[in-house]
Amino acid sequence: QVLLVESGGGLVQAGGSLRLSCAASGRTFSSYAVGWFRQARGKEREFVASIGWDGLNTNYADSLKGRFTISRDNAKNTVNLQMNNLKPEDTAVYYCAARYGSIRPKPSTSDYDDWGQGTQVTVSS
C-alpha cells in the first residue's frame, strides 16, 4: 500500500496552466504505476493520464492529449501533471491513484488500488 497526497490545485483563468503533484510515501513507489483521474460535480470520475513504473509508458485521455503531460521523479516519490491551456470544462477534483507493478494500467478506476484525497482545480471563463 502507498499513501498519496495531491497538491497544486487552485483557481486559474481559462488559457492558464497548473502543475499538480502527487507525493507518495513508501520505499517501493518506483514499482507503482500512477494515474490521474478527475471528477466534476455531478459526474463520474474519469481517466486523465497514467504513467508506468518505468516512467516511459504514458497514456492520456484522447480529449486531453497535447494539453496535459504526466511525468514522474522516482527519486522524489512524485508524479506530476502539467496542465496547459486550461478550459472551464477542466474544472474538477483531481485525484492520483497507484497500482503496484504495472507498466500500463487500464484507464479505469477499478484498475487502481490506492487513492489520494484529491485537489480542486477551478478554471474560470
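It should be noted that the structure appears before, not after, this text.
Going along each chain's sequence as written, the residues are numbered from 1 onward. pLDDT decides what is reported in this predicted model: residues at 70 or higher carry local features, side-chain atom pairs at 80 or more are listed and counted, and totals for whole chains, interfaces and linings draw on all residues regardless. Computation of side-chain values: all heavy atoms of the structure, hydrogens and water removed.

(A) Spatial organisation of the pairing of strand β5 (residues 46-51). The classification of residues rests on relative accessible area computed with a 1.4 Å probe and restricted to protein chains. Under 20% of the type maximum is buried, over 50% is exposed, and intermediate values are partly exposed. Think of it this way: any DSSP run of H or I at least four residues long counts as a helix, any run of E at least two long counts as a strand, and we number them from the N terminus. Here β5 lies mainly inside the structure; five of its six residues are buried. Looking at chain direction, strand β4 (residues 32-39) and β5 are connected through five bridges and run antiparallel. Residue Arg38 lies in a different strand from β5, and its bridge partner there is Glu46. Between any two strands, at least two bridges found by DSSP are needed for them to pair. Linking β4 back to β5 in an antiparallel pair, the connection comprises six residues, with Gly42 at a positive phi of about 80°. Where β5 and strand β6 (residues 58-60) come together, three bridges link them in antiparallel fashion. Of the residues in β6, the one forming a bridge with Ala49 is Tyr60. Between β5 and β6, which pair antiparallel and follow one another directly, the connecting turn spans six residues, one of which, Gly55, has a positive phi of 75°.

(B) Fine view of the state of the cysteines. Whenever a pair of cysteine sulfur atoms sits within 2.5 Å, that pair is classed as a disulfide. Tallied over the full model, the rule gives one disulfide. Two residues share a disulfide in this structure: Cys22 and Cys96, whose sulfurs sit 2.1 Å from each other. Judged by the sign of its S-S torsion, about 65°, the bond between Cys22 and Cys96 is right-handed. On the criterion of sequence distance, the pair formed by Cys22 in strand β3 (residues 18-24) and Cys96 in strand β9 (residues 92-100) is long-range, its members being 74 residues apart.

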